Amino acid sequence: MPLPTVFPPVLRGVIASLILGGFTALIALPLFIVALFKLLIPLRPWRRLCSAALNGIAAAWIEVNRLWMPRLDSVAWHIAEGAVVNRRGGYLVTCNHQSWADIFIAQTILTRRLPSLKFFLKQELIWVPVIGLCWWALDFPFMKRYDRAYLKKHPEKIGKDLETARAACEKFRDLPAALFIFLEGTRLSADKRDKQKSPYAHLLKPKVAAAGLVFGNLGEQVKTLVDLTIGYHGQVPSFWGLLCGRTGQVTVLVDVCPVPESLLGRDYAADSAFRTELSRWANDLWEKKDRRLETIF
């Protein structure tokens, strides 16, 4: 049950911060202990058992977040004809990205419907105090990204980010997976949209490298896309605004559809035709999402 709305927003924010910070610190110790035992004993059945325990701890953390998360005013859950979602399947999950609130909203909606969500994260986030190590313990895939200027000076690093993501995907071969990728790669802002000359009114251009690696390495498992479209009817909330319950009305549209068979099991790094086809698929997805956001607003 969310915090009472009669509480002043700042008080809600303080209480929510204490709940979030306190419980995160509380679960960190058992997370680290289980992750350490998983690391030290390289037996597959044992590691599967440890992974299940770690995912259970993460699910408890998400459930506690329901104590302070503001109630969503409008949530629509659309399942494409013939598609099935369950906690034993394999999924690629994506969403438009505007705020840190997107992550908590996605977790709240999907945690009981899909396997434990695993977010692709920037390598630098592993250094976030406490929570960075929690992400590591939960096997969140960390990606090291290099800009073009750096790669010009260090050509030996070309492809290293793809190798890192490929290795991360290997961890999910024996487990149900729900891999979460923000295809835009970063949070939306008007400046970013203008700088990259995005053709979309409400979105940045999609980046498909991580999705290509998931389809290429886990094509037999990850055959279904779960696509969230989040629309904030008022101002997009900051993280503090989320804690204070200042999200206003939020509409979340969730679509489930099969990934085209032609995108599965191919080599993203070596197959230029695959990269082109994948980009076309992502752009079509984004055009539809942009139109849906127009109807929400």
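Now for a quick tour of the structure.

Some points on the overall build of the chain
Of regular secondary structure, the chain possesses 10 helices and eight strands. Every one of the 297 residues in the chain was classed for burial, and the buried ones make up 46%. Pairs at least 24 apart in sequence give 73% of the contacts found in the chain among residues at least 6 apart. By element, 60% of the accessible surface of the chain is carried by carbon and sulfur atoms, the whole surface being about 15100 Å².

Some details on the nonpolar core
One recurring pattern in soluble globular proteins is that nonpolar side chains are buried together. Core analysis: the biggest nonpolar cluster contains 50 residues, and Val93, Val226 and Leu228 have the highest contact counts within it. Apart from residues no more than four positions distant in its own chain, Val226 is found in contact with Tyr91, Leu92, Val93, Thr94, Leu110, Leu114, Val254, Asp255 and Val256. Counting 31 residues, the second largest nonpolar core, distinct from the first, contains Ala211, Phe215, Val222 and Trp281.

Notes on the environment of Arg112
Along the polypeptide, Arg112 turns up in the loop between α3 (101-110) and β3 (117-119). A residue is classified by how much of its surface remains accessible, and Arg112, at 55% relative accessible area, is exposed. The spacing of Arg112 and Asn86 is 26 residues in sequence and 8.8 Å in space, taken between C-alpha atoms. When residues no more than four places from it in sequence are discounted, the contact partners of Arg112 are Glu63, Arg66 and Arg87.

Structural notes on the pairing of strand β8 (residues 250-258)
Burial within β8 is extensive, with seven of its nine residues counted as buried. By the bridge criterion, nine bridges tie strand β7 (residues 224-232) to β8 in an arrangement that is antiparallel. Following the sheet pairing, Asp227 is matched in β8 by Asp255.

Things to note about the packing of helix α8 (residues 209-217) against helix α10 (residues 272-296)
One way to put it is that α8 packs onto α10 with a least axis distance of 10 Å and a crossing angle of 115°. Here α8 is positioned roughly perpendicular relative to α10, judged by the angle of their axes. At the point where α8 passes α10, the crossing takes the right-handed sense. On α10, the residues touching Ala211, Gly212 and Phe215 of α8 are Phe274, Leu278 and Trp281.

Some words on helix α1 (residues 9-40)
Look at α1: 46 Å from first C-alpha to last across 32 residues, which is about the 46 Å you get at 1.5 Å a residue. Its axis deflected by about 30° at Ala28, α1 carries its strongest bend there, up to four residues before the proline Pro30. Within α1, burial applies to Arg12, Gly13, Ala16, Leu20, Phe23, Thr24, Ile27, Ala28, Leu31, Val34, Ala35 and Lys38. Where α1 is buried, its residues touch α2 (44-65), α3, α4 (131-137) and α9 (239-243).

Describing the pairing of β7
Of all nine residues making up β7, nine are buried, and the element is well covered by its neighbours. In terms of strand pairing, strand β2 (residues 91-95) meets β7 through five bridges, oriented parallel. Counterpart to Cys95 in the pairing with β7 is Leu228.

As for a positive patch on the surface
Taken together, Lys122, Arg187, Lys192 and Lys207 make up a surface patch of like positive charges. The topology assignment puts Lys207 in the loop between α7 (190-195) and α8. Residue classification places Lys207 among the exposed residues on the basis of a relative accessible area of 51%.

Regarding the pattern of salt bridges
Under the criterion given, the structure shown has five salt bridges. In this structure, Asp139 engages Lys38 in a salt bridge whose closest nitrogen and oxygen atoms are separated by 2.5 Å. Residue Asp139 is located in the loop between α4 and β5 (142-143), and its partner Lys38 is located in helix α1; the two are separated by 101 residues in the primary sequence. Look at Lys38 and you get buried, because its relative accessible area is 12%. One network of salt bridges, in which partners are shared, links Arg266, Asp271 and Glu277.

As for a nonpolar patch on the surface
On the surface, a cluster of nonpolar side chains totalling about 1200 Å² of accessible area is made up of Leu29, Ile33, Leu36, Phe37, Leu39, Leu40, Ile41, Leu43, Trp46, Leu49, Leu133 and Trp136. Of all the elements in the fold, those that place two or more residues in the nonpolar patch are α1, α2 and α4. When residues in the nonpolar patch are grouped by element, the largest group, six residues, is from α1. With respect to the element layout, Ile41 can be found in the loop between α1 and α2. We classify Ile41 as partly exposed; its relative accessible area is 30%.

So, how was this worked out
Residues numbered from 1 in each chain as written. Predicted model: local features only at pLDDT ≥ 70, side-chain atom pairs only at ≥ 80, totals over all residues. Heavy atoms only, no water. Helix = DSSP H or I, 4+ residues; strand = E, 2+ residues; numbered from the N terminus. Buried < 20%, exposed > 50% of the residue type's maximum accessible area, 1.4 Å probe, protein only. Contact = heavy atoms within 4.5 Å. Areas by Shrake-Rupley, 256 points an atom, 1.4 Å probe, with all protein chains shown as cover. Core = buried A, V, L, I, M, F, W, Y, C linked by side-chain atoms within 4.5 Å. Pairing = 2+ DSSP bridges. Axes fitted to C-alpha atoms, helices over the stretch in contact; angles between N-to-C directions. Parallel < 35°, antiparallel > 145°, perpendicular 65-115°, else oblique. Left-handed = near helix turned anticlockwise from the far one by under 90°. Expected span 1.5 Å × (residues − 1). Bend = angle between axes of the 7 residues up to and from the residue. Patch = residues over 30% accessible without salt bridge, like charges linked within 9 Å, V, L, I, M, F, W, Y side chains within 5 Å. Salt bridge = Lys/Arg side-chain N within 4 Å of Asp/Glu carboxyl O. Lys, Arg positive; Asp, Glu negative; His and termini not counted. Charge placed at Lys NZ, Arg CZ, Asp CG, Glu CD.

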